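Now for the letters of each chain:
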Amino acid sequence: MGGLFNREPRELIAAGISVAAHCESCMQRHIEHAAACGATQEEILETIEVGIEMGSGRATVAARFALEVMDDLFHSGARRNPVLPCAAREPVLSCITR
């Protein structure tokens, strides 16, 4: 997979889009992958905020789920490993084809 961005910002972008699109499974996958690639809690929170801004009122409700995923990842004592490692070759937006 080519492109100007490495995996971490691509996962952050996908997480923000997932919030705006109200896709819980996408939010979980991309937040977990972003964290596995080294994204900080603050970076993920800002990503969720951008998703809320872009998705308006309904995205605010959807963002609750994203915040639960973040809480689980960053406050459960240890980060869970996502299904795929950060270096995986699978396209970032492959979640929408499953």
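Bear in mind the structure is a predicted one, so any value in this text is a computation, not a measurement.

Draft legend 1. Structural detail: the overall build of the protein. Summing up its helical and strand segments, the protein has three helices and zero strands in all. The secondary structure elements of the protein, listed N-terminal to C-terminal, are α-α-α. Each of the 98 residues in the protein was classed as buried or not, and the buried ones make up 42%. Carbon together with sulfur atoms contributes 57% to the accessible area of the protein, which is approximately 5700 Å² in total.

Draft legend 2. Here's a closer look at the pattern of salt bridges. Considering all chains together, one arrives at one salt bridge under this definition. The shortest N-O distance in the salt bridge between arginine 7 and glutamate 11 comes to 3.0 Å. One end of the pair, arginine 7, and the other, glutamate 11, are both in helix 1 (residues 7-21), four residues apart, so they sit about a helical turn from each other. Assigned by exposure class, arginine 7 and glutamate 11 land together as buried.

Reading the values: rules and limits
Residues numbered from 1 in each chain as written. Predicted model: local features only at pLDDT ≥ 70, side-chain atom pairs only at ≥ 80, totals over all residues. Heavy atoms only, no water. Helix = DSSP H or I, 4+ residues; strand = E, 2+ residues; numbered from the N terminus. Buried < 20%, exposed > 50% of the residue type's maximum accessible area, 1.4 Å probe, protein only. Areas by Shrake-Rupley, 256 points an atom, 1.4 Å probe, with all protein chains shown as cover. Salt bridge = Lys/Arg side-chain N within 4 Å of Asp/Glu carboxyl O.

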